[in-house]
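A structural walkthrough
Residues per chain are reported as follows:
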Amino acid sequence: MKPSYIRVIIDRAIHRELDYAVPETLAERVGIGTRVRVPFRDRSALATVVATLDHSDAKGIRPIEAIIGEGPALSGPLLELARWIGAYYCCPLETVMRSLLPQVIRKAEIGWKKQLFVRPARKIEDEELDKLKKRAPRQAELLEAISKLDSPILASELLRKTSLDNQTLRALSKRGLIELREEAVERDPHGDEQFLETANLELNAEQANALEQVSNAVASPENARPILLHGVTGSGKTEIYLQAIAVALKHGRSAIVLVPEKSITPQTVERFKGRFASTPDTVAVLHSHLSQGERHDEWHKINSGRARIVIGARSAVFAPLKNLGLIIVDEEHETTYKQEEAPRYHARDVAVVRAKIEKCAVVLGSATPSLESYHNAITEKYKLATLTQRVDGQQMPLMRIVDLRQERRKGKIAPILSEKLSQAISDRLEKREQTILFLNRRGFSTSLLCSNCGEARDCPNCSVALTFHRHLARLSCHLCGHTAAVPKKCPACGQDALIYAGFGTEKVEATVTQFFPKAVVRRMDADSMTRKEAYRETLRNFRTGKIDILVGTQMIAKGLHFPNVTLVGIINADLSLHMPDFRAGERTFQLLTQVAGRAGRGERTGEVFVQTYTPFSPSIQFARHHDFAGYFQQELEFRERCDFPPFKHAVLITVRSAHEGRAKLSAETLVRRLKENLGAEFTLGDAMPAPLQKLQGQFRFHILLRGGAIMRLSRLVRETLDKLPFPEDVAVAVDVDPYQLL
Ligand code: ADP
Ligand code: ZN
């Protein structure tokens with residue numbers, strides 16, 4: 001049926017759906033999910049069709065102007081998902097659309113890449129060719145080459161092969177002897193790589209059991225629950241994903257694999273492309289380094305059904321696959337799945353909802369599941385599949401706790417390398433084994449203090465100290481990027497009494513180099529790895545044993561396999577433990593477990609040294625014994641006692657402005673309104689200065705809400721905000737299920 005009217009959401013912040021008429025000539029091509037251009041106020045705007053109508057009560061209805069793009073950009077289920085995200089995350093639908101549809105598809109300004117192809121226009125007789133040879137020998141040479149072709153050839157390729165020029169080609173075309181035609185070609189970021197097909201590995205009993213659960217869910221998703229695959233590092237989870245995807249394909253369905261952005265390495269791509277290499281287009285890869293053109297092509301490859309497996313980071317959860325059979329979320333505990341700008345969605349949770357809408361199976365995999373997912377598993381909302389053994393039969397590494405308080409008593413100030421750790425390192429150097437040293441803080445010194453007046457050099461825009469970077473010989477702010485020269489004297493009191501305090505990876509590297517002058521030490525963090533090549537090169541050199549000791553931030557914490565690494569040192573485990581965040585303990589536990597997973601993946605058992613001032617904190621003690629269940633149990637008790645997730649939902653509202661007083665006043669007014677509008681079932685805190693009170697020149701205030709019925713809470717918050725006028729320079733952000741509490 002051809003629609004007479006459509007309802008659209010415009011790509012503008014107007015929070016309303018609008019009706020338009022559809023001219024007879026366009027009606028054929030308009031449906032739900034089509035992108036259109038419509039008149040809006042006195043201009044044009046782009047919009048997405050959300051409903052087709054044969055009747056509309058709207059006044060002053062105007063016709064749409066044009067259809068954008070090649071067909072519907074959004075399926076019915078994805079639109080339903082968008083509405084859920086808007087309602088759950090307290091966010092207008094047009095904002096959700098911005099994440100759901102890549103910009104290159106929304107705007108449709110970039111199309112297919114066109115390239116010139118050559119083919120013979122007709123059969124060429126020998127006499128004709130002979131004649132041409134006399135008059136225009138070069139044209140004849142080219143024509144001869146073309147007439148031998150079985151299929152059209154790229155003009156550029158032909159000219160390269162024959163060493164002839166474009167002019168000659170055009171002349172032939174003018175004579176009507178050849179045909180030149182522009183045709184669309186695909187930009188494939190992996191187009192020039194060859195992938196060798198790999199076969200399924202024979203699964204061990206635990207893996208086989210897990211795969212069976214997933215296969216059952218793929219076969220009959222209607223009554224299947226999400227599956228939490230809890231498997232220690234190296235237990236063969238990825239192999240299960242690969243085989244489960246094959247099952248989905250066999251059922252004629254498609255699959256999405258979400259991985260954290262940093263895990264989309266050439267090895268990961270190769271593993272997936274290799275397994276499905278017999279059908280080369282099957283796997284599409286979406287990540288943030290694609291050009292707009294490549295993104296356009298990958299998106300269409302998926303939307304048209306040619307690609308049936310999508311590997312990608314957070315936003316790949318919106319990949320427009322049809323007939324979805326399986327969604328896998330690897331490393332489901334990773335906080336990078338949470339988008340930190342509106343729409344502030346969590347891709348794992350969106351994956352579970354999409355699976356429900358599309359009636360497909362969903363698998364969440366991790367060596368250290370999030371408390372939320374684990375809680376869902378023990379309350380049987382999810383099914384739990386566990387892999388307790390490493391595939392290679394390796395023991396879990398020995399974890400040794402180094403009490404830095406004792407080291408300090410020995411007279412050292414804030415030691416970077418304890419005696420025990422440095423002994424372990426020299427032992428490895430002797431045995432020609434490798435070491436990883438981990439510290440989640442970059443730079444050389446974390447602050448510059450005046451020992452006379454006590455002033456620290458803070459960022460002028462943010463309420464944090466500037467970090468000293470030795471290689472830059474400058475101070476820099478890790479939040480806003482502001483940099484400053486290093487003063488010779490204290491700018492506050494004028495004394496020559498400046499001291500450097502605290503340390504980051506740069507200083508660890510320097511210290512280790514000083515301690516072990518013969519060792520090859522390299523550092524891997526955001527400062528040293530500004531080029532993608534540098535990253536690959538360092539990894540390669542480490543893998544081939546050219547580096548003895550690798551110092552780094554979380555960049556090296558995960559997903560890397562190095563058989564010769566038998567020692568991991570965690571320089572300071574307390575960094576993540578003492579953040580003002582209820583997830584601090586959980587993050588520390590995960591971090592220790594993940595980092596520990598780096599040690600001893602070969603024949604030798606690994607050793608992990610954890611340096612800490614709080615050796616008896618539960619996250620450290622449970623991690624030391626590899627006791628997941630014990631850790632989850634005590635952490636869940638703590639969360640329940642304090643009404644924190646997963647027992648209650650949290651909503652964090654941030655009110656900010658360059659003007660401190662206005663931000664504060666607006667936050668207080670908002671709290672008063674919320675008090676009036678929210679029922680007693682919700683807990684509402686006062687407006688408080690945020691832990692990070694000033695960020696990029698903006699003063700920030702927090703309001704924390706908690707409650708069980710999150711959809712209702714979201715709606716009430718939205719209604720309250722919509723009715724409250726805020727001063728122009730005050731911005732309000734609502735974060736449902738927040739992960740960033742600073
Ligand atoms: P995880 O994803 O849990 O860290 P992987 O799937 O990457 O584990 O497996 C770790 C290593 O073990 C990989 O090199 C993989 O090829 C290998 N592997 C996985 N399953 C098997 C198996 N059943 N038999 C032999 N090797 C396996
Ligand atoms: Zn700053």
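For the structure itself, consult the block above.
So, here is what we can say about the structure in this document. (Residues numbered from 1 in each chain as written. Chains lettered and ligands numbered in written order. Predicted model: local features only at pLDDT ≥ 70, side-chain atom pairs only at ≥ 80, totals over all residues. Heavy atoms only, no water.)

1. Remarks on the pairing of strand 9 (residues 227-231)
By the criterion of burial, strand 9 is predominantly enclosed, with 5 of the 5 residues buried. Burial along strand 9 is two-sided: Ile227, Leu229 and Gly231 and Leu228 and His230, pointing in opposite directions, are all buried. Inspection of the sheet shows strand 9 paired to strand 14 (residues 361-366) by 4 bridges, in the parallel sense. Within strand 14, the position partnered with Leu228 by the bridge is Leu364. Note: strand 9 against strand 15 (residues 383-387), 5 bridges, orientation parallel. What sits directly across from His230, in strand 15, is Thr386. (Buried < 20%, exposed > 50% of the residue type's maximum accessible area, 1.4 Å probe, protein only. Helix = DSSP H or I, 4+ residues; strand = E, 2+ residues; numbered from the N terminus. Pairing = 2+ DSSP bridges.)

2. Some words on the coordination of the zinc ion (ligand 2)
Binding of the zinc ion (ligand 2) to the protein goes through Cys459 (SG), Cys462 (SG), Cys477 (SG) and Cys480 (SG), at separations of 2.2 to 2.4 Å. With 4 donor atoms in place around the zinc ion (ligand 2) and angles of 104 to 114 degrees between them, the coordination shape is tetrahedral. Motif for the zinc ion (ligand 2), donor spacing along one chain: C-x2-C-x14-C-x2-C. Placement of the pair is Cys459 in the loop between strand 18 (447-450) and strand 19 (467-469) and Cys477 in the loop between strand 20 (474-476) and strand 21 (483-485), with a sequence separation of 18 residues. A single burial state applies to Cys459 and to Cys477, both of which are buried. (Donors = N, O, S within 2.8 Å, 3.2 Å for Na, K, Ca; no water. Tetrahedral: all angles 85-135°; square planar, octahedral: opposite > 155°, others 65-115°.)

3. Brief notes about the pairing of strand 17 (residues 434-438)
In terms of burial, strand 17 is largely enclosed, as 5 of its 5 residues are buried. Both faces of strand 17 are covered, namely the face carrying Gln434, Ile436 and Phe438 and the face carrying Thr435 and Leu437. Bridge analysis of strand 17 against strand 25 (residues 565-570) gives 5 bridges, and the strand direction is parallel. Note that in strand 25 the partner of Thr435 across the bridge is Leu567. The sheet contact formed by strand 17 and strand 24 (residues 549-552) spans 4 bridges and is parallel. Bridging across to strand 24, Phe438 finds its partner in Gly552.

4. Regarding the packing of helix 6 (residues 137-147) against helix 8 (residues 166-174)
Running from N to C, helix 6 and helix 8 point in directions that differ by 75 degrees, and their axes come no closer than 9 Å. What the angle tells us is that helix 6 and helix 8 run roughly perpendicular. In this structure, helix 6 uses Arg138, Gln139, Leu142, Leu143 and Ile146 to contact helix 8, whose residues at the interface are Thr168, Leu169, Ala171 and Leu172. Considered class by class, the residues forming the contact of helix 6 with helix 8 number 6 nonpolar, 2 polar and 1 charged. (Axes fitted to C-alpha atoms, helices over the stretch in contact; angles between N-to-C directions. Parallel < 35°, antiparallel > 145°, perpendicular 65-115°, else oblique. Contact = heavy atoms within 4.5 Å. Nonpolar A, V, L, I, M, F, W, Y, C, P; charged D, E, K, R; others polar.)

5. Observations regarding the pattern of salt bridges
Under the criterion given, the structure shown has 34 salt bridges. Across the pair Lys161 and Glu157 runs a salt bridge whose closest N-O atoms are separated by 3.4 Å. Taken as a pair, Lys161 and Glu157 lie in helix 7 (residues 155-162) at a separation of 4 residues, close to a single helical turn. Among the residues examined, Lys161 registers a relative accessible area of 59% and is labelled exposed. The partly exposed category is assigned to Glu157, whose relative accessible area is 26%. If you follow the salt bridges from partner to partner, you end up with Arg400, Asp427, Arg428, Lys431, Glu433 and Glu607 in one network. (Salt bridge = Lys/Arg side-chain N within 4 Å of Asp/Glu carboxyl O.)

6. Focus: the site of ligand 1
In the neighbourhood of ligand 1, 15 residues make up the surrounding shell, with Glu202, Gln207, Lys237, Thr238 and Arg271 lying closest. Backbone polar atom of Gly234 to an oxygen atom of ligand 1: 3.0 Å apart, as the coordinates give it. Measuring from an oxygen atom of ligand 1, one finds a side-chain N or O atom of Thr238 at 2.7 Å. Taken by itself ligand 1 offers 550 Å² of open surface, and the protein chains cover 71% of this. With 3 residues, the single largest contributor to the shell around ligand 1 is helix 10 (residues 237-250). When the residues that make up the shell around ligand 1 are grouped by side-chain class, the tally is 4 nonpolar, 7 polar and 4 charged. (Near = heavy atom within 4 Å. Polar contact = N/O pair within 3.5 Å; in protein donor to acceptor, adjacent residues only side chain to side chain. Areas by Shrake-Rupley, 256 points an atom, 1.4 Å probe, with all protein chains shown as cover.)

7. Notes on the packing of aromatic side chains
In total, this model carries 15 aromatic pairs according to the counting rule given. Pairing Phe515 with Phe516 gives two aromatic rings, centres 6.1 Å apart and planes at 50 degrees, and the pair type is tilted. What makes Phe515 partly exposed here is its relative accessible area of 46%. Where Phe589 meets Tyr631, the ring centres are 4.2 Å apart and the plane angle is 5 degrees; that geometry is what we call stacked. (Phe/Tyr/Trp six-rings, centres within 6.5 Å; stacked < 30°, edge-to-face > 60°.)

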